[in-house]
Amino acid sequence: MARQRKNRGLPVCWMVAAILPFGWPSAASAVHLTGRIISVGFSSTDPYGLDHGLCHYKLGRWTPVRVDLTNHDGDLFSGWLEVRQPDRDGDLVVARQQISIRDSRRYFLYVPAARNIRDVPFNVRVVSAEGSLIPLFSDSNEKLVELTPEDQIIPVDPRTLVILDISEGGLNHLRQLTKETTSDKDLVVARCAPSELPDLVAGLEMVDVIVWDAADPSASVMDLGQREAIIEWVRRGGRLVLGVSKNWDIVSRSAFGEMIPARLSEVTTTTSPTIFSKHACELLFGSGEPAISSLRSPLKFCPITRDTLLPDAESVIPFEMPDTSENNILAASRPYGRGRVVLVAAEMRELFQVGSYAEAFLRQVVRMRPAEKPKSSSQGQFGVTLPARDIDLCSLVEDTTDFDIAASLYFLFAFVFVVAYIIAATFGSWTWLKKKGLVRMSWPAFAALSVAASATSLLAVRFVRGIGNSVECFTVVDGKAGSPDVAAICYLGMKTATYSNVDLSLPGNWLDIENSPPVHAAIRPRWYEDRYSTGESTYAASTEYTAATVAGQLHNVLFRATAKQFEGCWEGAMAGRLNAALYRDAEQKWTKLSKESWIENKLGTDLDTCYIFIAARGFSENESRDNRIYCYPFKALPDGKRITVESILAELDSSSPAAVRPTARRDPVAEVDKTAAEPKDPQVQRLFSSLCEKWASDCGCRPDTPYYYGYDRQSEDEIDVRSDRFTSGMLLLTFFDEINQAVERYQRLDRSQGRVLDRSSDLTLGTALFVGFANDPGPARLCWRRSGSNGKWRPIDPDQTRTMYRFTIPIRGTTVQP
């Protein structure tokens, strides 16, 4: 009896044991967290200084999401913060940040921003270490599933120049620049205190220029991570403008002291306008000679002369001119990695107090010209309004990594296979059966043939798609002559033969992946803009994968036997280098190089389609210099060979401009332009403006070509990475800021996300720029491993590659050194 009662109690015990875990609150769910999203991207104000609670993020770029969290329980909580954004295929990129919080803390998340095609805002979730969703609470104790942004979030067009003002109290004069632009697509001025800057370089990717007046890089203003983020951002191509006077000693002793273009030694106070050069007076007072004998108020400044400039620095105000005698330099710049640091020898706020104007001065240091109003949109057939800029150079070149040719091959094979199967199944099999007298066996024969055809189709698909992973890429490598240290931007397309989940990385040293520094590499999904598409093409069933920003990796990326496109930044040392020695011609020293000048290829790869560019003056905010840039084009530079300017000129004089690039594949579309007369004068032939006409024509920008709907998407299909059109598109993107936008035909050209490829600022009076192309994959490699395996990373050798090498070369003078 007792045993029966004991047995009857067992089911009850099992039921209690099963229900108890669901009813008993876990430690993670008991935590009481309140939080809010402080900002997405960077906040901005309108031209009148009014803050409307607007946050801006740039489409296709890493975006910082700043979050405040408070733990009211007092116990340590460990978990993860998460934010999601869709990629171009509709899959969700998840950015995660590990958190350990006992009271209150502020965190940054970094996610590649995209158009909210799936209505995915920048909402933030908290997840426990076990992976369960943690409820949140608002300040009014309202229970929330996730945090939503409080401010209005505005996407910034990829073409927009984004200036971030981190000056203490803000440099309000920057807002006047937005009044001069033709639209908000030209310029956005954002605002952020130095102490609120992101602590990773990814958070600054959307920014093009940082202005820091009265710069104070002390530890009380920003921490080590924020300082390193700014320095790495400059190295990757940013432009940092520093206004320095009273804080000159703090700046000189900081990490920024190694980056500034001049040696600072003291601060001086003056009321005399004679300290300003003629160019500075034009910018500040509107004329070369100020109408006043004394400044309105005393001005503190750090004297900069040509003797205190570093060898690779250039004067910005006054801008560099041949045989200039100006020695009072108000602003100077110097390259640092792919970017530049501009030093203003006074606090800009004080300069504008003693001067009458600020806009032209700011344009000069920021390096922007007044926006040219593009040709108004025209009317096409059926009343469709066509955009003024209908030839997107960035889309043109990035289409080389989307496996269009492979997709065409798949379609062609499928078509041929279907036709062959129909013929074999109907005519071939029936004829054979009739010949053998086995017509009564037609149904079993057709069934056997169907099984064989299915097996053959599977093998054929595997054969066409290939075995393993395939990569198509083109790389842009930037460096200095004589140095193996380079930086690269990689545009990658990858596809797999089957459904597979992989982790991706772009390590600094792919030969020793495990020991590569993560800060020197980054990879993110590629975003693109199709202005002519009525809808987005995405997968019906989306998946999630993780962007590991610190490690520069993507985890658990699903490939559906199709292609995905990525963009990466890479820094490191190459095995080879480019050596050069350039000297000025004794007679025409500003427009020609001496015949003894030479360039030597020690890169370990053959170069073709090469150019040397020199400038006869520096950048001016109110005048194009397209007719003051000269070029030396030549066909090839084999590995290990040296070429002199004398041999380049001899080849140029004996050949036509059409023969400059014989090693590149010819494009039928580029061949149809017969309207432009080829320049015969070698001096005219060497002008940048003449070459620009040829490059634009190769890309479809010809006087006889009318606007029509969808031009750039229709004519750029299946572009060859080694074609003239690709080469010309990359050259136009390299010097896009030098293209004279006053010429109507050039107003059709657009660069969308290609601003990062511009190298116009490296072309100065004392620095030449070499450009050459190669059929090698460059110094970086995309590496992969199976998701969840934690196995060894394996590099992928690209199937189709093209690399553009760009090196700065100092011009040494007129005397040839032995």
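Residues numbered from 1 in each chain as written. Predicted model: local features only at pLDDT ≥ 70, side-chain atom pairs only at ≥ 80, totals over all residues. Heavy atoms only, no water.

**Examining the overall build of the protein**
Now for step 1: Looking only at helices and strands, the protein features 16 helices and 41 strands.
Now for step 2: Intrachain contacts of the protein at a sequence separation of at least 6 include 76% that bridge at least 24 residues. (Helix = DSSP H or I, 4+ residues; strand = E, 2+ residues; numbered from the N terminus. Contact = heavy atoms within 4.5 Å.)

**So, the pattern of salt bridges**
Now for step 1: Counted under the stated rule, the structure contains 46 salt bridges.
Now for step 2: Measuring nitrogen to oxygen at the nearest pair gives 3.9 Å for the salt bridge that ties Asp213 to Arg349. Here the residue Asp213 occupies a position in strand S15 (residues 209-213), and Arg349 occupies one in helix H6 (residues 348-354), the gap between them amounting to 136 residues.
Now for step 3: The partner of Glu738 in a salt bridge is Arg367, and the shortest N-O contact between them spans 3.1 Å. (Salt bridge = Lys/Arg side-chain N within 4 Å of Asp/Glu carboxyl O.)

**Topic: the packing of aromatic side chains**
Now for step 1: All chains considered together, the criterion is met by 16 aromatic pairs.
Now for step 2: Centroid distance Tyr57 to Phe122: 4.9 Å. Interplanar angle 65 degrees. Geometry classified as edge-to-face. Of this pair, Tyr57 sits in strand S3 (residues 54-58) while Phe122 sits in the loop between strand S7 (104-112) and strand S8 (124-128), and the two are 65 residues apart along the sequence. Neither Tyr57 nor Phe122 differs from the other in exposure class; each is buried.
Now for step 3: Judged by centre distance (5.6 Å) and plane angle (65 degrees), the rings of Phe688 and Phe735 are edge-to-face. Remark: Phe735 occurs in the loop between helix H16 (724-734) and strand S37 (749-750) and Phe688 occurs in helix H14 (residues 688-698); sequence separation between them is 47 residues. The residues Phe688 and Phe735 share a single accessibility class, namely buried.
Now for step 4: Grouping aromatic residues by their ring pairs yields a cluster made of Tyr611, Phe613, Phe688, Trp695 and Phe735.
Now for step 5: Its guanidinium or amino end placed over the ring of Trp80, Arg96 lies 4.3 Å from that ring's centre, counting from NZ or CZ.
Now for step 6: Geometry around Trp598 places Arg642 over its ring, the cationic atom sitting 3.6 Å from the centre. (Phe/Tyr/Trp six-rings, centres within 6.5 Å; stacked < 30°, edge-to-face > 60°. Buried < 20%, exposed > 50% of the residue type's maximum accessible area, 1.4 Å probe, protein only. Lys NZ or Arg CZ within 6 Å of the ring centre and 35° of its normal.)

**Looking at helix H7 (residues 359-366)**
Now for step 1: Among the eight residues of H7, seven are classified as buried, and the element is accordingly described as predominantly covered.
Now for step 2: Within the sequence span of H7, burial applies to Ala360, Phe361, Leu362, Arg363, Gln364, Val365 and Val366.
Now for step 3: Positioned one or two residues after H7, Arg367 has a phi angle of 70 degrees, which is positive.

**Some words on the sheet that holds strand S4 (residues 62-71)**
Backbone-to-backbone hydrogen bonds pair the strands of a sheet. The strands run either parallel or antiparallel.
Now for step 1: Spatially, five strands are ordered S7-S4-S1-S10-S11 in an open sheet, and the strand pairing comes out mixed. For this open sheet the edge positions go to S7 and strand S11 (143-144), each flanked by a neighbour on one side alone.
Now for step 2: Here S4 pairs with S7 via nine bridges, running antiparallel. Directly across from Val65, in S7, lies its bridge partner Leu109. (Pairing = 2+ DSSP bridges.)

**What about the environment of Lys495?**
Now for step 1: Residue placement: Lys495 occurs in strand S26 (residues 485-496).
Now for step 2: A relative accessible area of 7% places Lys495 in the buried class.
Now for step 3: A sequence separation of 69 residues divides Lys495 from Lys564, and the C-alpha atoms of the two residues are 6.5 Å apart.

**Some details on the environment of Trp212**
Now for step 1: Relative to the elements of secondary structure, Trp212 occurs in strand S15.
Now for step 2: Spatially, the C-alpha atom of Trp212 lies 9.9 Å from that of Ala193, the residues being 19 residues apart in sequence.
Now for step 3: Residues contacting Trp212, with those up to four places away along its chain left out, are Ile166, Ser167, Pro194, Pro217, Met222, Val241, Leu242, Gly243 and Phe256.

**Some points on the pairing of strand S39 (residues 783-786)**
Now for step 1: Where strand S27 (residues 499-505) lies against S39, four bridges are found, and the strand directions are antiparallel. Across the sheet, residue Leu504 finds its bridge partner in S39, namely Trp784.
Now for step 2: Two strands pair when backbone bridges link them, and S39 and strand S40 (residues 794-795) are joined in this way by two bridges, in the antiparallel orientation. The residue bridging Cys783 from the neighbouring strand is Pro795, located in S40.

**A closer look at the packing of helix H5 (residues 278-285) against H7**
Now for step 1: Their axes nearest at 6 Å, the elements H5 and H7 cross at an angle of 125 degrees. It follows from the interaxial angle that H5 and H7 lie oblique. Across the interface between the two elements, His279, Leu283 and Leu284 from H5 touch Ala360, Phe361 and Gln364 from H7.
Now for step 2: Along the lines of polarity and charge, the residues of the contact of H5 with H7 split into four nonpolar, two polar and no charged. (Axes fitted to C-alpha atoms, helices over the stretch in contact; angles between N-to-C directions. Parallel < 35°, antiparallel > 145°, perpendicular 65-115°, else oblique. Nonpolar A, V, L, I, M, F, W, Y, C, P; charged D, E, K, R; others polar.)

**A short note on H16**
Now for step 1: With eleven of eleven residues buried, H16 is to be regarded as a mostly interior element.
Now for step 2: Turning to H16, its buried residues are Asp724, Arg725, Phe726, Thr727, Ser728, Gly729, Met730, Leu731, Leu732, Leu733 and Thr734.

**Remarks on the nonpolar core**
Now for step 1: Ranked by size, the top nonpolar core spans 56 residues in total, and within it Leu492, Met494, Leu504, Phe566, Ile599, Ile612 and Phe770 carry the most contacts.
Now for step 2: Sorting elements by how many residues they give to this core places S26 first, with five residues.
Now for step 3: Aside from chain neighbours lying at most four places away, what touches Phe566 is Cys490, Tyr491, Leu492, Met494, Leu504, Ile523, Arg524, Pro525, Arg526, Leu554, Val557 and Phe559.
Now for step 4: Counting residues in hydrophobic clusters, the runner-up holds 40 residues, among them Met222, Trp233, Met259 and Ile329. (Core = buried A, V, L, I, M, F, W, Y, C linked by side-chain atoms within 4.5 Å.)

**A look at the sheet that holds strand S36 (residues 642-644)**
Now for step 1: The strand order across the open sheet formed by three strands is S32-S33-S36, and the pairing between neighbours is antiparallel. Each edge of the open sheet carries a strand with a single partner, namely strand S32 (577-581) and S36. In this sheet, adjacent strand axes meet at a mean angle of 15 degrees when their direction is disregarded.
Now for step 2: As paired elements, strand S33 (residues 598-602) and S36 share three bridges and run antiparallel to each other. Considered in S36, the bridge of Trp598 is made with Thr644.

**Focus on the packing of H14 against H16**
To describe two helices that pack against each other, one gives the angle between their axes and the distance between the axes.
Now for step 1: Running from amino to carboxyl end, H14 crosses H16 at an angle of 130 degrees, the nearest separation of the two axes being 8 Å. Considering the angle they form, H14 stands oblique to H16. For the pair H14 and H16, the crossing hand works out as left-handed. Along its contact with H14, which presents Cys692, Trp695, Ala696 and Asp698, the element H16 presents Asp724, Arg725, Ser728, Leu731 and Leu732.
Now for step 2: Split into classes, the residues belonging to the contact of H14 with H16 amount to five nonpolar, one polar and three charged. (Left-handed = near helix turned anticlockwise from the far one by under 90°.)

**Here we look at the environment of Ala488**
Now for step 1: Note that Ala488 resides in strand S26.
Now for step 2: Discounting residues that sit within four places of it in the chain, Ala488 has contacts with Thr475, Val476, Val477, Gly568, Cys569 and Trp570.

**Quick notes on unusual backbone geometry**
Now for step 1: Here the bond from Ile317 into Pro318 is cis, since omega is 5 degrees, no more than 30 degrees from zero.
Now for step 2: Relative to the assigned elements, Pro318 resides in the loop between strand S19 (314-317) and strand S20 (331-336).
Now for step 3: Phi is positive for Asn141, close to 65 degrees, though the residue is something other than glycine.
Now for step 4: Relative to the helices and strands, Asn141 resides in the loop between strand S10 (136-137) and S11.
Now for step 5: Its identity is not glycine, yet Ala214 carries a phi of approximately 50 degrees, on the positive side.
Now for step 6: Within the element layout of this structure, Ala214 appears in the loop between S15 and helix H3 (224-235).

**Details of the confidence of the model for the protein**
Now for step 1: Summarising the model, the protein shows a mean pLDDT of 81, and 75% of its residues fall at 70 or more.
Now for step 2: The low-confidence segment residues 531-535, where pLDDT is below 50, has 13 contacts with residues more than four positions distant or belonging to other chains.
Now for step 3: For residues 707-716, every residue scores under 50 in pLDDT, and the model assigns this stretch 34 contacts once sequence neighbours within four places are set aside. (pLDDT = per-residue confidence, 0-100.)

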